[in-house]
Amino acid sequence: MNTRLIKIIARQEWAAFFRARLPLGLYAVLLSMSILAIYIGWQYVNNFNEHQTEAKEEVHDHWMKQPDRHPHRVAHYGYLVFREKSPLSFFDFGLDSYVGNSVFLEAHRQNTINMSEAGFSNGMLRFGELSMAVVFQLLVPLFIIFIGFHTIAGLKENGLLKILLCQKATFRDVLLGKAAGITLLTWFLFLPLLFLGLLIGTVSHSAGLSTDELIRMGLIVLSYGIYFLIISMIVVAVSAISTNARNALMALVLIWILFYVMVPKSAQNLGNTIFVAPDKITFEQGIESDIAKVGDSHNPNDPHFSELKESTLKRYGVDSIQALPINYGALVMQEGENISSGIFDKHYNQLIQIYKSQNSIASFLSFIDPFLAIRNISMNLSGTDFESFTEFQKQTERYRFEKTQALNKIHLNQIKFKDDSKQRVNAQSFQQQPEFKFQPVPIKMSLRHGAMGISALFFWVLASFTLLSFISKKRQFQL
Amino acid sequence: MLEATNLTKRYGNHTALNQLNLTVEPGEIFALLGQNGAGKTTTINLFLGFIEPSEGMAQINGVSVSENPEEIKQYLAYIPETVMLYSNLTGLENLEYFSSLAGFEYSKTELAELLSTAGLQTQAFDLRLGGYSKGMRQKVGIAIAIAKKAKVLLLDEPTSGLDPKASNEFSTILKSLAARGTAILMATHDIFRAKEVATRIGIMREGCLQSVVRASDISANELEELYLRTV
Amino acid sequence: MKSRQKILFLECKNFLIGKAVIFSAICLLCFGVYGFYHGKTIIDRQQKTILSISDIQKKHLDQIASHGRGKPVGTTAYYPFFYTFNPASPWAKFSIGQRDINPFTLKVKMLAIEGQLYDAELTNPLTLLVGNLDASFVFIFLFPLLIIALTYNMISGEQENGVWKILRTSTTNIKAAIFYKLLVRFAFVLTMTLLLFFSGILILDLPLTQPTFQLGLVLMVYVIFWFSLSIVIVSLGKSTSFNATTMVSIWIFLCILFPGVANIIVNRNIPIPEAAETTIKQREGYHEKWDLPKKPTMEKFYAVYPQYRKYPIPEDQFSPGWYYAMQLAGDLESANSSEVLFSKLNQRQEFSERLAYFNPILTAQQLVNKVANTDLSNHIRYLESVKWHHKQIREYFYPFIFEVTPTEAMDWSGYPKYRPVTYSQEVLSSGILVIIIWIALGMALSIILFYKNFIQIKDPQNA
């Protein structure tokens with residue numbers, strides 16, 4: 001290995017790029033698309049969050065303006081929580097359009113998160129969205145293919161490779177030099193753009209820049225840098241084993257289609273076939289039958305609730321529920337809530353586990369398809385991944401439970417058992433509840449979720465480097 | 001049969017061919033010698049109608065090439081420097097395909113005969129062309145020319161890359177074609193092969209035909225000397 | 001005549017022996033078969049769930065009725081859910097469309113409908129993002145790639161290895177030679193289309209009725225569009241690399257970038273803030289009534305159902321009649337937002353159809369989803385049927401509620417049956433016409449270009 005020669009070859013690759021017109025034109029197209037994508041994404045996220053905040057404030061207002069009410073009615077009046085998009089979601093839309101945007105929280109019932117963008121779309125969305133991440137994940141590799149397919153194969157075609165090899169350079173130097181040249185070029189062309197886009201986008205819609213966001217941005221830039229390195233090496237490798245530039249181009253385009261269309265789709269579809277997730281009805285039926293097994297609060301002869309009644313009476317040393325100092329109805333309700341909430345959580349966690357198993361196929365296939373790796377990492381870091389959404393669902397459910405519990409407590413202590421439904425409590429007692437605040441997945445967790453993708457990226461760096469070295473040792477590819 | 005009158009081709013300021021006057025009669029083999037860029041291929045392309053002359057006229061069988069580009073195609077056959085036919089088809093099928101396109105119908109035995117006439121070994125007829133050597137592919141090219149009963153055969157560097165034996169065989173076939181009355185124009189670098197196969201030899205330089213000699217009037221050494229002097 | 005057949009035969013043979021052709025055709029067939037299998041699995045699973053509904057419903061109502069023994073219907077009516085479902089058309093297996101995103105079953109209570117209408121189906125969002133590898137994907141995304149693979153080097157390849165020169169001098173009729181080449185490829189593409197389509201009919205068990213033919217027609221026209229588009233690129237007479245790059249770029253533009261941008265345009269032009277608003281309004285509309293005098297609420301109810309005016313509603317205590325009147329009031333107050341929401345969804349559909357005029361890929365996908373009844377319009381029709389069913393259920397219960405009938409005295413299976421959305425035969429002519437216009441433009445352009453670049457050519461580069 002001769003670093004001086006590698007440098008010379010890499011520099012030559014740069015010069016060639018800036019002298020040719022077509023690659024520059026392609027770059028201009030990509031540049032304008034990135035800017036368009038980031039602007040649109042930024043504006044969209046901003047508008048969306050504004051709407052959500054407005055709705056949130058409206059709901060909060062309504063909540064605070066409630067007159068004195070019976071606490072159980074307040075529990076049924078419930079609360080609406082609106083999902084806001086994460087600060088970096090303007091860069092990578094991820095799953096955002098496919099998950100619900102609002103959820104109604106009420107007593108006894110775990111509602112689904114509804115009103116997803118996809119539900120209001122007529123199928124155009126299914127072709128894919130134009131975000132900056134999409135430009136960087138799909139189109140920059142294509143750009144690398146277009147500027148790099150002829151890099152070695154072209155040399156072979158016009159006999160230059162032989163001349164080069166007759167100089168001091170080894171085939172390995174040539175391959176590494178070309179790969180280094182293309183990688184550095186793409187880094188130079190795209191990474192500053194990426195970082196600036198992220199920075200400007202984030203700073204301009206939030207007051208300041210948190211360290212968390214800064215770290216995320218840094219990691220995003222870093223992983224895309226590694227991704228471009230991998231793609232550049234693959235392109236050089238394919239170019240090196242092709243007899244002419246045309247074959248190299250065909251092979252690379254084929255690989256592109258495999259990486260970006262076929263493998264991801266097949267992986268996910270396969271995951272869905274192997275790990276069958278229940279649909280809503282089956283899911284609900286499962287929960288219902290489990291609840292019926294534990295105890296049915298509506299059934300006066302239910303053993304679980306009879307036992308509850310007896311133990312409560314014993315504890316307070318009275319012989320009828322009317323004589324209790326607390327509201328027995330509220331106690332039963334809370335017990336029902338405890339049971340159903342526990343069972344729901346169990347089933348929901350199982351469901352999430354099935355989804356995770358489905359998604360794991362794609363995660364494993366990151367070792368075959370680097371696009372899957374960067375797609376997952378990018379979503380993890382942008383907070384638009386599967387885990388962020390699950391976290392939202394879990395936090396809203398916890399909030400629902402706590403809110404209901406608090407209301408049941410008021411019911412328990414402030415409402416008399418006799419003529420229960422005719423009483424009301426002071427509005428202040430339920431106004432003091434905390435507002436829902438989504439706690440985003442901390443960066444450590446994001447990285448843990450992205451661990452498979454990250455190791456896949458490193459695997460790919462090693463693998464493609466090894467591949468280049470292997471190719472460089474083969475005489476047949478030098479002809 | 002083949003006639004150029006004041007044939008000129010200019011690309012911008014550059015004159016690729018300047019005032020060429022040339023006649024090739026039936027049964028004659030005319031070899032054009034010259035360095036790269038002397039105008040040999042331009043001449044052939046003008047006769048083929050692939051390019052338009054800036055001045056003058058190229059005629060085949062008395063028909064102007066630029067005025068009737070389609071008509072002249074029935075008289076001529078062309079073999080480029082590297083004969084790449086359809087590598088997925090056999091030699092026989094290639095011949096069948098091209099002769100059908102030219103509007104001829106031959107039976108299998110007739111096609112086989114044509115290939116034999118062109119000097120291809122019988123074993124090769126039914127092999128895919130992908131496995132042929134250059135010399136074998138050229139023979140199929142010749143067979144295509146014979147099959148369409150071409151009156152004129154245009155060849156561009158036919159012997160480059162052929163081994164001496166194949167090259168010699170090729171000369172024999174060309175001579176036998178000429179003997180049937182075909183007018184042959186070939187561009188070549190190979191002075192000795194030109195001397196051996198051609199009836200007349202023209203030496204070109206910078207788009208001009210500098211001198212024309214009869215092959216029988218000159219020895220190989222004299223021809224080389226003349227060539228070096230001219231270019 | 002005979003020599004023409006010979007040429008055609010040899011052209012065919014030459015073409016079909018090519019490894020790339022066989023390879024890509026086999027790949028496509030494999031994906032096609034997988035696509036059929038996938039569509040069948042997904043839709044069969046949905047249909048199975050739909051079939052299980054009547055049992056679930058019956059059990060559910062039995063349980064409610066037995067629990068409610070001794071209580072009036074007004075109290076019991078709060079509990080039961082009534083299931084609705086959106087049956088899949090036979091063609092949904094071919095194109096799953098939006099069926100995986102939108103719920104295909106919904107259960108509603110007698111409570112205000114607006115809060116129940118937008119319940120989501122439980123799905124893995126990553127699966128939704130990645131999308132289905134169904135038959136429509138194979139036809140709409142992958143078929144163009146096959147066509148590109150078959151045509152990109154059709155002439156340029158021969159020019160680059162030198163056969164073209166011999167070919168041009170061999171025949172006086174180069175037009176015919178080009179025509180044969182096109183014909184062979186076209187026939188191959190058409191055969192593949194029909195082969196895959198007919199195996200689809202067999203595997204998916206599609207009925208041989210008009211929609212199947214419509215589907216076939218759309219696919220045929222779509223495939224021809226791509227063929228003519230590729231021919232335009234070939235007729236430019238550029239190099240193989242140029243052709244491949246251009247064709248793939250066009251594919252990416254039409255299949256990924258254009259829809260991405262179009263989606264943004266649609267969302268920006270027709271935003272749907274009503275989605276959140278409807279929910280909020282319905283909730284407020286209903287809940288505030290608890291704290292208001294009962295009379296105005298009842299008046300709202302009587303305006304729609306005057307026949308219940310005769311039943312007394314006590315002002316100072318809870319009564320089921322009043323409770324359901326409040327629920328209805330919630331719906332009435334959010335009805336406007338809800339209507340706007342529905343009309344906006346329709347506007348979105350129409351607007352995207354207009355945008356699709358510029359992109360036959362979108363047009364084709366929309367047409368296929370229309371035939372399959374798996375698009376947004378179908379879902380809107382489903383939601384309307386759910387609303388209708390909800391109304392029927394309410395009206396069935398009202399008399400029992402106001403009459404204070406005991407639970408056990410009511411016929412719990414006599415409620416109006418849910419009437420699912422029936423197959424809607426869509427008019428496809430305008431979409432098909434648009435694609436045909438694109439084809440005609442492509443054909444005309446390619447003929448002109450072929451003449452210019454290959455037939456009357458005087459350019460030494462292509463000679």
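Check the entry above for the structure.
First, a word on what this report is: a plain description of the structure on this page. Note that the structure is a prediction, hence the values are computed from the model and not measured.

### With respect to the overall build of chain C
- Secondary structure assignment for chain C yields 16 helices and two strands.
- At 30 Å, chain C has a C-alpha radius of gyration far larger than the 23 Å of a compact globule built from 463 residues.
- Here chain C, with 463 residues, has 62% of them falling under the buried criterion.
- Contacts spanning at least 24 positions in sequence make up 83% of the contacts within chain C whose residues lie at least 6 apart.
- Placing the 43 positive and 33 negative side-chain charges of chain C at their respective mean positions leaves the two points 12 Å apart.

### Topic: a nonpolar patch on the surface
- On the surface, C:Tyr357, C:Phe358, C:Leu433, C:Ile437, C:Trp438 and C:Leu441 cluster together into a nonpolar patch covering about 600 Å² of accessible area.
- Tracing the sequence through the fold places C:Leu441 in helix 16 (residues 429-455).

### Focus on the interface of chain C and chain A
- At the junction of the two partners, chain C supplies 87 residues and chain A supplies 82 residues.
- Between chain C and chain A the total buried area reaches about 7800 Å² when both faces are included, carbon and sulfur atoms providing 64% of it.
- Taken as a group, C:Leu122, C:Leu126 and C:Arg283 account for 9% of the area that chain C buries against chain A, more than any other trio of residues on that side.
- Summed over the shared surface of chain C and chain A, the number is eight salt bridges.
- A salt bridge links A:Arg126 to C:Asp100; its shortest N-O distance comes to 2.8 Å.
- Joining chain C to chain A, the criterion identifies 37 residue pairs in polar contact (both at pLDDT 80 or more).
- At 20 residues, the largest contribution of residues to the side of chain C that touches chain A is made by helix 10 (residues 240-269) of chain C.
- Its residues assigned to classes, the side of chain C that touches chain A comprises 50 nonpolar, 25 polar and 12 charged.

### Observations concerning the sheet that holds strand 2 (residues 14-24) of chain B
All names here are of chain B.
- The four strands are arranged 2-1-4-5 in an open sheet whose pairing can be described as antiparallel. What marks the edges here is a single partner per strand, and that holds for strand 2 and strand 5 (63-64).
- Looking at chain direction, strand 1 (residues 2-11) and strand 2 are connected through seven bridges and run antiparallel. Of the residues in strand 2, the one forming a bridge with Leu7 is Leu20.
- Taken strand by strand, helix 1 (residues 40-48) contacts strand 1, strand 2 and strand 4 (55-60), and its axis lies near 115 degrees from that of strand 1.

### Quick look at the pattern of salt bridges
Residues and elements named next belong to chain C.
- All told, the structure shown has 39 salt bridges over all chains when counted by the stated rule.
- The closest approach of N and O atoms between Lys391 and Glu395, which form a salt bridge, is 3.5 Å. A residue pair is termed a helical-turn pair when its members lie 3 or 4 positions apart in one helix, as Lys391 and Glu395 do in helix 15 (residues 376-402) at four residues.
- On the basis of relative accessibility, which here comes to 30%, the residue Lys391 falls in the partly exposed class.

### Some words on the interface of chain C and chain B
- Contacts between the two partners involve 31 residues from chain C, matched on the other side by 33 residues from chain B.
- Here chain C meets chain B over a buried area of about 3100 Å², counting both sides, of which 60% is carbon and sulfur.
- Our count for the chain C to chain B interface comes out at one salt bridge.
- Two residues, B:Glu93 and C:Lys13, come together in a salt bridge whose shortest N-O distance is 2.2 Å.
- Counting across the chain C and chain B interface gives seven residue pairs in polar contact (both at pLDDT 80 or more).
- Those elements giving two or more residues to the side of chain C that touches chain B turn out to be helix 1 (2-17), helix 6 (156-161), helix 7 (163-170) and helix 8 (174-204) of chain C.
- A per-element tally of the side of chain C that touches chain B places helix 1 of chain C first, with nine residues.
- Class assignment for the residues of the side of chain C that touches chain B results in 11 nonpolar, 10 polar and 10 charged.

### A short note on the arrangement of the chains
- In this assembly two pairs of chains touch, with chains A and C having more contacts than any other pair.
- Across the gap from chain A to chain B, with no contact made, the nearest C-alpha atoms are 16 Å apart.

### Focus: the pairing of strand 2 (residues 105-108) of chain C
All names here are of chain C.
- The two faces of strand 2 match: Thr105 and Lys107 on one face and Leu106 and Val108 on the other face are all buried.
- Bridging between strand 1 (residues 82-85) and strand 2 involves four bridges; their strand directions are antiparallel. From the neighbouring strand, Phe82 faces strand 2, where its bridge partner is Val108.

### Side note on the sheet that holds strand 3 (residues 29-34) of chain B
All names here are of chain B.
- The sheet built from six strands is open, its strands ordered 6-7-8-3-9-10 with mixed pairing. Either end of the sheet is taken by a strand with one partner, and the two such strands are strand 6 (76-79) and strand 10 (208-214). Along the sheet, successive strands turn relative to each other by an average axial angle of 20 degrees, direction set aside.
- Strands in contact with helix 7 (residues 220-230) are strand 3, strand 9 (200-205) and strand 10; relative to strand 9, the strand with the most contacts, it is inclined by about 20 degrees.

### Description of the pairing of strand 8 (residues 183-188) of chain B
All names here are of chain B.
- Most of strand 8 is tucked away: six of the six residues are buried.
- Of the two faces of strand 8, the one holding Ala183, Leu185 and Ala187 and the one holding Ile184, Met186 and Thr188 are both buried throughout.
- Inspection of the sheet shows strand 3 paired to strand 8 by five bridges, in the parallel sense. Across the sheet, residue Leu32 finds its bridge partner in strand 8, namely Ala187.
- Of the strand pairs in this sheet, strand 7 (residues 152-156) and strand 8 are connected by five bridges, and their pairing is parallel. Within strand 8, the position partnered with Leu154 by the bridge is Leu185.
- The β-α-β motif built from strand 7, the intervening helix 5 (residues 164-179) and the parallel element strand 8 has right-handed crossover chirality.

What counts and how
- Residues numbered from 1 in each chain as written.
- Chains lettered and ligands numbered in written order.
- Predicted model: local features only at pLDDT ≥ 70, side-chain atom pairs only at ≥ 80, totals over all residues.
- Heavy atoms only, no water.
- Helix = DSSP H or I, 4+ residues; strand = E, 2+ residues; numbered from the N terminus.
- Rg over C-alpha atoms; globule rule 2.2 N^0.38 Å.
- Buried < 20%, exposed > 50% of the residue type's maximum accessible area, 1.4 Å probe, protein only.
- Contact = heavy atoms within 4.5 Å.
- Lys, Arg positive; Asp, Glu negative; His and termini not counted.
- Charge placed at Lys NZ, Arg CZ, Asp CG, Glu CD.
- Patch = residues over 30% accessible without salt bridge, like charges linked within 9 Å, V, L, I, M, F, W, Y side chains within 5 Å.
- Areas by Shrake-Rupley, 256 points an atom, 1.4 Å probe, with all protein chains shown as cover.
- Salt bridge = Lys/Arg side-chain N within 4 Å of Asp/Glu carboxyl O.
- Buried area = accessible area lost by both parts, 1.4 Å probe.
- Polar contact = N/O pair within 3.5 Å; in protein donor to acceptor, adjacent residues only side chain to side chain.
- Nonpolar A, V, L, I, M, F, W, Y, C, P; charged D, E, K, R; others polar.
- Pairing = 2+ DSSP bridges.
- Axes fitted to C-alpha atoms, helices over the stretch in contact; angles between N-to-C directions.
- Right-handed = clockwise from strand over helix to strand, strands pointing away.

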